Amino acid sequence: MMDMPKILVVGSFVKDLIVSTPRFPNAGETVLGNSFQTASGGKGANQAIQAARLGAHVTMVGKVGDDVYGREMISSCLECGIDCSRVMMDDKAPSSIGNVQLQIGQDGKTQNRIIVVPGANMAIQKEDIRFLETEIANYDMVLLQLEIPMEINELVAEYAYQKNVPVMLNSAPSAQISDCLISKLTYISPNEYEAADLTGIRIHRNGQNVNEKDVKAVIHSLIERGAQNVLITLGSMGAAFGNKKEFYLCPAVKNVSAVDPTGAGDSFVGAFCTLVSMGIDYERAVSIANYVGALTVSHMGAQPSLPSLEQVKALIHERDDDVLLGLQKAAV
Ligand code: ADP
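These lines cover the structure that appears in this document, whether it is placed above or below. (Residues numbered from 1 in each chain as written. Predicted model: local features only at pLDDT ≥ 70, side-chain atom pairs only at ≥ 80, totals over all residues. Heavy atoms only, no water.)

Time to look at the sheet that holds strand 14 (residues 239–242). Where strands meet in a sheet, backbone hydrogen bonds hold them as pairs that are either parallel or antiparallel. The nine strands are arranged 5-4-1-8-9-10-13-14-15 in an open sheet whose pairing can be described as mixed. Two strands close off the open sheet at either side, each with one partner strand: strand 5 (87–90) and strand 15 (247–250). Note: strand 9 (residues 167–169) against strand 10 (residues 187–188), two bridges, orientation parallel. Bridge pairing in strand 10 links Leu169 to Ile188. The strands touched by helix 8 (residues 264–277) within the sheet are strand 1 (6–10), strand 8 (141–144), strand 9, strand 10, strand 13 (229–233) and strand 14, with strand 8 carrying the most contacts at an inclination of about 170°. Seen against the sheet, helix 9 (residues 282–297) touches strand 10, strand 13, strand 14 and strand 15 and runs at an angle of roughly 20° to strand 15. (Pairing = 2+ DSSP bridges. Helix = DSSP H or I, 4+ residues; strand = E, 2+ residues; numbered from the N terminus. Contact = heavy atoms within 4.5 Å. Axes fitted to C-alpha atoms, helices over the stretch in contact; angles between N-to-C directions.)

Once that is clear, we can look at the pattern of salt bridges. Considering all chains together, one arrives at 12 salt bridges under this definition. The residue Lys216 makes a salt bridge to Glu212 at a minimum N-O spacing of 3.3 Å. Placement of both Lys216 and Glu212 in helix 7 (residues 212–224) is noted, with a separation of four residues, approximately one turn of the helix. Residue Lys216 is classed as partly exposed on the basis of its relative accessible area, which comes to 41%. Since its relative accessible area comes to 37%, Glu212 is described here as partly exposed. In this structure, Arg319 engages Glu318 in a salt bridge whose closest nitrogen and oxygen atoms are separated by 3.7 Å. Residue classification places Arg319 among the partly exposed positions, given a relative accessible area of 36%. One salt-bridge network, held together by shared partners, links Lys63, Asp90 and Asp128. (Salt bridge = Lys/Arg side-chain N within 4 Å of Asp/Glu carboxyl O. Buried < 20%, exposed > 50% of the residue type's maximum accessible area, 1.4 Å probe, protein only.)

Side chains Met141 and Leu143 of strand 8 all project onto a buried face; the interleaved residues Val142 and Leu144 project onto the opposite face, where all are buried too. Of the strand pairs in this sheet, strand 1 and strand 8 are connected by four bridges, and their pairing is parallel. Among the inter-strand pairings, Leu8 is bridged to a residue of strand 8, identified as Val142. Across three bridges, strand 8 lies against strand 9 in parallel orientation. Counted as the bridge partner of Val142 is Val167 from strand 9. Following the backbone out of strand 8, through helix 4 (residues 150–162) and into the adjacent parallel strand 9, one traces a crossover that is right-handed. (Right-handed = clockwise from strand over helix to strand, strands pointing away.)

Residues in contact with the ligand amount to 17 residues; listed here are only the nearest, Asn191, Thr233, Gly235, Gly238 and Asn290. Within the contact set of the ligand, an oxygen atom lies 2.9 Å away from a side-chain nitrogen or oxygen of Thr233. Contacts to the ligand include Gly265, whose backbone N or O atom sits 3.0 Å from an oxygen atom. For the ligand, whose free accessible area comes to 560 Å², the fraction covered by protein is 81%. Of all the elements in the fold, those that place two or more residues in the shell around the ligand are helix 8 and helix 9. (Near = heavy atom within 4 Å. Polar contact = N/O pair within 3.5 Å; in protein donor to acceptor, adjacent residues only side chain to side chain. Areas by Shrake-Rupley, 256 points an atom, 1.4 Å probe, with all protein chains shown as cover.)

Any link to function would need more than the numbers given here.
Here it is as structure tokens:
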């Protein structure tokens, strides 16, 4: 068995506080809701958990508040075997929370309204991560997102670049990124909407297909700005990968009963990084990550729906043995 990759995630923790209600209140109004639940999330923690569920050795660096939510979110990561010894607790800022309102109408239609308060995620300071300048060399891959200060992502990407450690930026949520940061990245992964915000190019659909020309134009535009490899997730259309030499448009897994899209992008990116670090080629890594994303959308919630390696293998086995062959080859 090959050594499983060591992945460093520098990113966010968010505790979702979810209420469901028959209708949203108007300004100044109070309504009685139906239910309340909490769920641990945050793009950084979700991606770390996905990589760990696929067998990677994962270290998480981030910040929570010194509060019950912070402790719960660290516990969720520890339960998945993630090294949280570098997760910090801020004594002033509270843990980040996502206030999620779900309106479940009489017709069964669901709408959501979400307010995220970044709290401790945005309290990460440059001094907090200076230790990575040397320690980053111990990892096979670094994984970043945009829910922590941009200057922290820029510094970590610079450290990784200096030590030749591949670095992936999942450029979500949407934000403008400097060409300097893009040029330090080995991989950049926006979804189609974030890609449109970054490049000004909208990816059109022709019936059941995405317009390949638009996808190639987005990839070209990001490569022109210095990106080495571009990975675009396309929801139920799958994903595309491109660099100066290669281009793959890999369709999503068919006949998936999609019940909740939360966490799909996180699971896809966490999986892609793990698979590529295991030595799996790009085309196969995208195809397998499509299975991981498909499993995530077919279950409720973010972290509970992130699949294990066994679940992914079982679905691939059910649908397409050829992809499984690649996974087994790389794993022995
Ligand atoms: P994000 O959550 O960042 O918007 P996407 O919606 O693009 O990400 O989804 C990420 C991945 O999840 C897709 O590339 C695809 O592999 C998978 N996926 C998403 N929706 C579906 C679906 N309805 N059926 C099958 N796979 C899906």
